[in-house]
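Structure assessment
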Amino acid sequence: MSASEHDFGEDVLIAGEKLRSFTADSDIDAHQAVTINGNFTVDVADAGGAAIGVAAYDVASGQELDVVMDDCEVRVIADGAVTAGDSLEVGTGGNFSTLDTGEEIALALEDAGDGDVFQAYITRATGGA
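Here's a quick rundown of the structure. Being a predicted model, the structure only gives us computed values, none of them experimental.

**A look at the sheet that holds strand S7 (residues 73–77)**
Within the open sheet, the six strands sit side by side as S1-S7-S11-S10-S8-S9. Their pairing is antiparallel. Two strands lie at the open edges of the sheet, namely strand S1 (13–15) and strand S9 (96–98), each paired on one side alone. Each strand of the sheet is rotated relative to its neighbour by a mean of 45°, with strand direction disregarded.

**Notes on the environment of Asn37**
As for its placement among the helices and strands, Asn37 is situated in strand S3 (residues 33–38). Classification of Asn37 by relative accessible area gives partly exposed; the value is 32%. Within the structure, the side chain of Asn37 is placed 2.9 Å from the side chain of Thr41, a separation counted as a polar contact.

**Brief notes about the pattern of salt bridges**
Tallying each qualifying case throughout the model produces one salt bridge. With a closest N to O distance of 2.8 Å, Arg124 and Glu104 form a salt bridge. Of this pair, Arg124 sits in the segment after strand S11 (117–122) while Glu104 sits in the loop between S9 and strand S10 (106–108), placing them 20 residues apart in sequence.

Procedures and definitions
- Residues numbered from 1 in each chain as written.
- Predicted model: local features only at pLDDT ≥ 70, side-chain atom pairs only at ≥ 80, totals over all residues.
- Heavy atoms only, no water.
- Pairing = 2+ DSSP bridges.
- Helix = DSSP H or I, 4+ residues; strand = E, 2+ residues; numbered from the N terminus.
- Axes fitted to C-alpha atoms, helices over the stretch in contact; angles between N-to-C directions.
- Buried < 20%, exposed > 50% of the residue type's maximum accessible area, 1.4 Å probe, protein only.
- Polar contact = N/O pair within 3.5 Å; in protein donor to acceptor, adjacent residues only side chain to side chain.
- Salt bridge = Lys/Arg side-chain N within 4 Å of Asp/Glu carboxyl O.

Taken by themselves, the reported measurements are silent on function.
See below:
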């Protein structure tokens, strides 16, 4: 795969138009929550921490990455069981879990089991760093 090609896999963005390009500070996979960690750079968000949005596709460190941001409907991965209507925070590995003690980032639009891809709406993404 050349530096300008990406494996888009299953579409992350379902609806919405708020995307912004950043540089990946590490290898990042599609569906992972990301946070700003420097000047126009992002990394996988920490569990319970801030997230600016969701990675639109897989990239290697140093590559450009489109991040899907607030007011967008996305496909993300469940970290534990999720129920439609749950408020979501960043879980392990940049996946999404039911809000416990972290920052609310999104709202679950459907039920999902641990490791399942499910639909969510990004409601309160915040920067990080």
